Amino acid sequence: METTIIGNKIAKARKAMNMSQAQLAQHLFISQQAVGKWERGESMPDITTFNRLAEILGVDLNYFADSTEPANDDEPTPKSEQPVQEANNLSRSEERQVPINLTAVDLQGSDFAGVILHNGKFKASPLRGANFAGADLTGSSFEAIDAHEANFDGANLTDCNFSMTDLTDASFRKSILVRTTLSLSGQGAKFTDVNMVDVNLTKTDLRKTIFENCIFNGVDFNYCDLRGICFDGQTFTGVRFDKSALNDVSFKGATLRNVSFTLPFSITSKSYRAFKTVSFDGAKMDKLTYAALKGLWVPDLSKVIII
């Protein structure tokens, strides 16, 4: 009888939040079938899950402790008044997130599309072919991960840290990269229509990485291997290329404002020849960037447009 009452309470609170069983299951990282069993009185959540349920459904724990059957016209008392839309996005609030540790779990091909996981920890967990499209992964870390062909299209990767992560052929179309740290292994990730803000790329091999129609704002390329990369037509503001290999890099038609280039070595014949291969043909740049590049006495700036 008690499980039936609790099941009815869960269903009542869920419906009051205008939330489906599938949405509730997603917030709890369980199956929709498990939620259905609760609401039918066939099983009951454990105490930890009750705490999460209370947070997600906006009720006090005493709501579940009360042994009386909820009346049909009696809505659960929320802990705070929130509009329905905010309730549907409840787990996006930092104070309602708990770290999820997915260390050494085989997650190859897993479907995480649209999930909300703040401060998650993926460590030594195979993620080859995993789908994170549209997921909110704010603050999550990926360490020593094989993420070949993983899909991060439209994912929120704010404050995420990728350390020694193999992202060969991984896709980042319209992903949100803000204060993201990328220390990658492997080659061939594709960034399309991405606005990178305060992103840090450190000691990373980017030779086969593809950047298309991207905006780089406050991005640091530190000791990166960028040989042969095409940045044509893209926008760079407040970007630093610190001691990165830039052989045959192309900035044709790009826009550069307050961009700093520091050569990997002192002005030797080797570094001179390497940086001389960088193309700025048709690039637009502010006077300070132009002056700094001109001061290196290396690149051909004859076709640069000063703005």
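None of these values were measured; they are calculated from a predicted model. (Residues numbered from 1 in each chain as written. Predicted model: local features only at pLDDT ≥ 70, side-chain atom pairs only at ≥ 80, totals over all residues. Heavy atoms only, no water.)

**A closer look at the overall build of the protein chain**
So, point 1. Within the protein chain one finds eight helices and 18 strands.
So, point 2. The proportion of buried residues among the 307 residues of the protein chain is 45%.
So, point 3. Of all intrachain contacts in the protein chain linking residues separated by at least 6 positions in sequence, the fraction that spans at least 24 positions is 22%. (Helix = DSSP H or I, 4+ residues; strand = E, 2+ residues; numbered from the N terminus. Buried < 20%, exposed > 50% of the residue type's maximum accessible area, 1.4 Å probe, protein only. Contact = heavy atoms within 4.5 Å.)

**Some points on the sheet that holds strand β15 (residues 255-257)**
The strands making up a sheet associate through hydrogen bonds between their backbones, and the pairing can be parallel or antiparallel.
So, point 1. Strand order in the open sheet made by the seven strands is β5-β8-β11-β13-β15-β17-β18, with parallel pairing throughout. Looking along the sheet, the strands with just one partner apiece sit at the ends: β5 (176-178) and β18 (305-306).
So, point 2. Note that strand β11 (residues 215-217) and strand β13 (residues 235-237) share three bridges and pair parallel. Opposite Phe216, over in β13, you have Phe236 as the bridge partner. (Pairing = 2+ DSSP bridges.)

**Let's talk about the pattern of salt bridges**
So, point 1. A full pass over the atoms with the stated rule returns 10 salt bridges.
So, point 2. The residue Glu42 makes a salt bridge to Arg40 at a minimum N-O spacing of 3.0 Å. Comparing Glu42 with Arg40 shows no difference in burial state: the two are exposed.
So, point 3. Linking Asp205 and Arg207 is a salt bridge whose minimum nitrogen-to-oxygen distance equals 2.7 Å. (Salt bridge = Lys/Arg side-chain N within 4 Å of Asp/Glu carboxyl O.)

**Here's the deal with the packing of aromatic side chains**
So, point 1. For the coordinates displayed, the defined rule picks out 31 aromatic pairs.
So, point 2. Where Phe132 meets Phe152, the ring centres are 5.1 Å apart and the plane angle is 0°; that geometry is what we call stacked. Of this pair, Phe132 sits in the loop between β1 (121-123) and β2 (141-143) while Phe152 sits in the loop between β2 and β3 (161-166), and the two are 20 residues apart along the sequence.
So, point 3. Between the aromatic rings of Phe231 and Phe251, the centroid separation amounts to 5.3 Å while the plane-to-plane angle is 25°, which identifies the pairing as stacked. Separated by 20 residues along the polypeptide, Phe231 in the loop between β12 (220-222) and β13 and Phe251 in the loop between β14 (240-242) and β15 bring together distant segments of the chain. Across this residue pair, the class does not change: Phe231 and Phe251 are buried. (Phe/Tyr/Trp six-rings, centres within 6.5 Å; stacked < 30°, edge-to-face > 60°.)

**Section: the nonpolar core**
So, point 1. Residues Phe152, Phe221, Phe231, Phe241, Phe251 and Phe280 are the most contacted members of the largest nonpolar core, which totals 62 residues.
So, point 2. Once you skip the residues sitting within four places of it in the chain, Phe241 turns out to touch Phe221, Leu226, Phe231, Phe236, Leu246, Phe251, Val259, Ser260, Phe261 and Thr262.
So, point 3. Counting 18 residues, the second-largest nonpolar core is a separate cluster that includes Ala25, Val35, Ile56 and Val59. (Core = buried A, V, L, I, M, F, W, Y, C linked by side-chain atoms within 4.5 Å.)

**Concerning the environment of Asp242**
So, point 1. In this fold, Asp242 is placed in strand β14.
So, point 2. Among the residues examined, Asp242 registers a relative accessible area of 13% and is labelled buried.
So, point 3. When the C-alpha positions of Asp242 and Phe261 are compared, they lie 6.2 Å apart, and in sequence the two are 19 residues distant.
So, point 4. In contact with Asp242, not counting residues within four places along its chain, are Phe221, Asn222, Tyr223 and Thr262.

**Notes on the sheet that holds strand β7 (residues 190-192)**
So, point 1. Strand order in the open sheet formed by three strands is β4-β7-β10, and the pairing between neighbours is parallel. Strands with a single pairing partner mark the edges of an open sheet, and in this sheet they are β4 (171-173) and β10 (210-212). When the angles between neighbouring strand axes are averaged without regard to direction, this sheet yields 5°.
So, point 2. Where β7 lies against β10, three bridges are found, and the strand directions are parallel. Bridge pairing in β10 places Thr192 opposite Glu212. (Axes fitted to C-alpha atoms, helices over the stretch in contact; angles between N-to-C directions.)

**Focus on helix α3 (residues 32-39)**
So, point 1. Buried within α3 we find Val35, Gly36, Trp38 and Glu39. One face of α3 carries all of its buried residues, which in axial projection span an arc of 160°.
So, point 2. Remark: Gly41 follows α3 within two positions and exhibits a positive phi of approximately 80°. (Arc of directions from axis to C-beta.)

**What to know about unusual backbone geometry**
So, point 1. For Glu149, which is not glycine, the phi torsion reads 60° and is therefore positive.
So, point 2. Tracing the backbone through its elements, the reader meets Glu149 in the loop between β2 and β3.
So, point 3. For Tyr223, which is not glycine, the phi dihedral falls at a positive 55°.
So, point 4. Looking at where Tyr223 falls in the secondary structure, it is placed in the loop between β12 and β13.
So, point 5. Tyr223 gets classed as partly exposed once you look at its relative accessible area, which sits at 48%.

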